[in-house]
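Residue-level structure breakdown
Residue-level listing of the chains:
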Amino acid sequence: MSTPTRRWLVLVGIVALAFNLRPAAVSVGPVLDDVRAGLDMSAAEAGLLTSLPVVAFAVFGALASRLARAVGPHRVVLGSLVAVTVGLTARSQVEHVGAFLLLSLVALAGMATGNVVLPALVKRHFPDSVGRVTAAYTTSLAVGLTAASVLTVPVSDDWRTGLALWAVTAAVAALPWLGLLGLDRGARDAEREEGTPITLAQVARTRLGWAMALLFGLQSLQAYAIFGWFAAIYREAGFSGTTAGLLLGVITATSIPTSLVVPRLAAARPDARPLMVGFVVCYVVGYLGLAFAPAPGAVAWAVMIGLGTASFPFVLTLIGLRARTAAGTAALSGFTQPVGYLVAAPGPFLVGLLHDSTGSWTVPLLVLTGLTLPLLAAGLVAGRPAAIEDHVR
């Protein structure tokens, strides 16, 4: 296989993989009531189901970089897509809650593993185009998330078909990686040339590692709170269910164009801190507008909040930019994402608790506004030009 052909195949594989890194988690939400009825699922079991993505991101994400070193990153990606395909297909056929939860975890484990390995593959194959390739795959990820949220119900007659649909896209995404398995020998040779690999424990002893993890976690907390509660916030503000869904759609749809633009901007300048300031300003304006004047500027506030969520492709780009080598990127990704998801996990629960205790969404929105301050602090540290290899050594 010629070098240009291989690069194109890797690029297609990366974009296809990214498309499948969210449907296993978000496709359940639109049909959750039907799933509960069909499997006679209790409220506690439904709560466990909704918490499984965070568990998978934290546990299997932490193991991904070590697994990639042991068997090769390209094999790990193929295995992750096989796990997604098998998990999604099988869970759509089972009749028992326990089996459904276990198979969901299989699919989510594949998704979590692919999440962590992906930035390192971008760094290895496209070291001089991190911004452009990250823009391509974060946009694909955003499209996959939106598609799974919007299409699971309309394209199927029942919840089983709707959930199984996303196994097909995962199976298709696995095809390019069948032709890339031979690259793992070259990946191991490159790692030997780079020297002793960086461990997660070494990253955990650096200021940059923790800044990246907190940046990832705090932006994920904001995103989970938005996806989990903002439809209810709009409803309580007086909007109809349809309008509330559309306004939430404005927020999520904003992530598609920003995913194209933000990685390029972050990669084009050594100092990315001005971008971080811009994201936080957008969050603050959107949250305060929604808290104190929800109706007059509803669309404007939704757009501003959507621009704030562009901190997600921003931090994914930084994972590739804050390391010199693919091995360093893998270690930084393997620490940043699992720890970040643990930081984010309590967010939606605490937002709901604040609403229940105050009887209003104003306090939760003000708390989310306040949490942009530590988000900014982490972003200002991570946004400085640096390399994790220098911090470790």
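About the cut-offs
- Residues numbered from 1 in each chain as written.
- Predicted model: local features only at pLDDT ≥ 70, side-chain atom pairs only at ≥ 80, totals over all residues.
- Heavy atoms only, no water.
- Patch = residues over 30% accessible without salt bridge, like charges linked within 9 Å, V, L, I, M, F, W, Y side chains within 5 Å.
- Areas by Shrake-Rupley, 256 points an atom, 1.4 Å probe, with all protein chains shown as cover.
- Salt bridge = Lys/Arg side-chain N within 4 Å of Asp/Glu carboxyl O.
- Lys, Arg positive; Asp, Glu negative; His and termini not counted.
- Charge placed at Lys NZ, Arg CZ, Asp CG, Glu CD.
- Helix = DSSP H or I, 4+ residues; strand = E, 2+ residues; numbered from the N terminus.
- Buried < 20%, exposed > 50% of the residue type's maximum accessible area, 1.4 Å probe, protein only.
- 1 Å grid on protein atoms, 1.4 Å probe; cavity = no way out; pocket = protein on both sides within 12 Å on 5 of 7 lines; lining within 4 Å.
- Points joined across faces, edges and corners; volume = space filled by probe spheres on them.
- Nonpolar A, V, L, I, M, F, W, Y, C, P; charged D, E, K, R; others polar.
- pLDDT = per-residue confidence, 0-100.
- Contact = heavy atoms within 4.5 Å.
- Polar contact = N/O pair within 3.5 Å; in protein donor to acceptor, adjacent residues only side chain to side chain.
- Core = buried A, V, L, I, M, F, W, Y, C linked by side-chain atoms within 4.5 Å.
- Phe/Tyr/Trp six-rings, centres within 6.5 Å; stacked < 30°, edge-to-face > 60°.

Some thoughts on a negative patch on the surface
Together, Asp-33, Asp-34, Asp-157 and Asp-158 give the surface a local cluster of negative charge. Within the fold, Asp-33 resides in helix α3 (residues 32–39). A relative accessible area of 62% places Asp-33 in the exposed class.

Some thoughts on the layout of surface pockets
By volume, the largest pocket is sized at about 1700 Å³. Along the wall of the largest pocket there are 48 residues; nearest its centre are Val-26, Ala-223, Tyr-224, Phe-227 and Gly-228. Per-element accounting of the lining of the largest pocket gives the leading share, nine residues, to helix α11 (residues 207–236). Class assignment of the residues belonging to the lining of the largest pocket gives a composition of 30 nonpolar, 16 polar and two charged. Computed from the structure, the second largest pocket encloses a volume of approximately 150 Å³. Forming the boundary of the second largest pocket are Arg-7, Trp-8, Leu-11, Phe-126, Ser-129, Arg-132, Val-133 and Ala-136. Secondary-structure elements contributing two or more residues to the lining of the second largest pocket are α1 (3–19) and α7 (130–151). Class assignment of the residues belonging to the lining of the second largest pocket gives a composition of five nonpolar, one polar and two charged.

Here's the deal with the confidence of the model for the protein
Here the protein averages 89 in pLDDT, and 96% of its residues register 70 or above. Mean pLDDT across the secondary structure elements of the protein bottoms out at helix α9 (residues 183–194), with 62, and peaks at helix α19 (residues 372–382), with 97.

A word on the environment of Arg-324
Locating Arg-324 in the fold gives a position in the loop between α15 (311–321) and α16 (326–344). On the accessibility criterion, Arg-324 (52% relative accessible area) is exposed. The sequence separation of Arg-324 and Asp-390 amounts to 66 residues, and the corresponding C-alpha distance is 9.3 Å. Contacts of Arg-324, omitting those with residues within four sequence positions, involve Lys-123, Ala-387, Glu-389 and Asp-390. A polar side-chain atom of Arg-324 sits 2.6 Å from a polar atom in the side chain of Asp-390.

Side note on the environment of Trp-301
Checked against the element boundaries, Trp-301 lands in helix α14 (residues 298–308). Not counting chain neighbours up to four residues away, the residues in contact with Trp-301 comprise Val-285, Gly-286, Gly-289, Leu-290, Ala-293 and Pro-294.

Observations concerning the nonpolar core
Most often, soluble globular proteins have nonpolar side chains that are buried together. Phe-100, Trp-177, Leu-215, Phe-230, Tyr-234 and Phe-314 are the most contacted members of the largest nonpolar core, which totals 112 residues. In this view, Tyr-234 contacts Phe-239, Ala-244, Leu-247, Leu-248, Ile-251, Leu-290 and Ala-302; residues no more than four positions away in its chain are not counted.

Concerning the packing of aromatic side chains
Counted according to the given criterion, the structure contains 12 aromatic pairs. An angle of 80° between the planes, with centres 6.0 Å apart, marks the rings of Tyr-234 and Phe-239 as edge-to-face. Considering the side-chain rings of Phe-279 and Phe-314, the 5.3 Å spacing of their centres and the 70° angle between planes classify their relative orientation as edge-to-face. You can see Phe-279 sitting in helix α13 (residues 273–292) and its partner Phe-314 sitting in helix α15, a full 35 residues away along the chain.

Digging into the pattern of salt bridges
Counted according to the given criterion, the structure contains four salt bridges. Arg-273 serves as the salt-bridge partner of Asp-271, at 2.6 Å between the closest nitrogen and oxygen. Overall, the relative accessible area of 27% leaves Arg-273 in the partly exposed class. Arg-324 is the salt-bridge partner of Asp-390, the closest N and O atoms lying 2.6 Å from each other. Taken together, the residues Asp-390 in helix α20 (residues 388–392) and Arg-324 in the loop between α15 and α16 connect sequence positions 66 residues apart.

Some words on α19
What sets the pattern is the α-helix's 3.6 residues per turn: residues three or four places apart point alike. By the burial criterion, the buried members of α19 are Thr-372, Leu-375, Ala-378, Gly-379, Val-381 and Ala-382. Residues of α19 that are buried make contact with α11, α13, α15 and α18 (362–370).

Examining the environment of Leu-215
With respect to the helices, strands and loops of the structure, Leu-215 is situated in helix α11. Sequence separation between Leu-215 and Leu-318 is 103 residues, and the spatial gap between their C-alpha atoms is 10 Å. The contacts of Leu-215, once residues within four sequence positions are left out, are Met-276, Phe-314, Val-315, Leu-318, Leu-375, Ala-378, Gly-379 and Ala-382.

Looking at the side chain of Thr-309
Along the chain, the position of Thr-309 falls in the loop between α14 and α15. Of the polar contacts made by the side chain of Thr-309, one reaches the backbone oxygen of Gly-306; its length is 2.5 Å.

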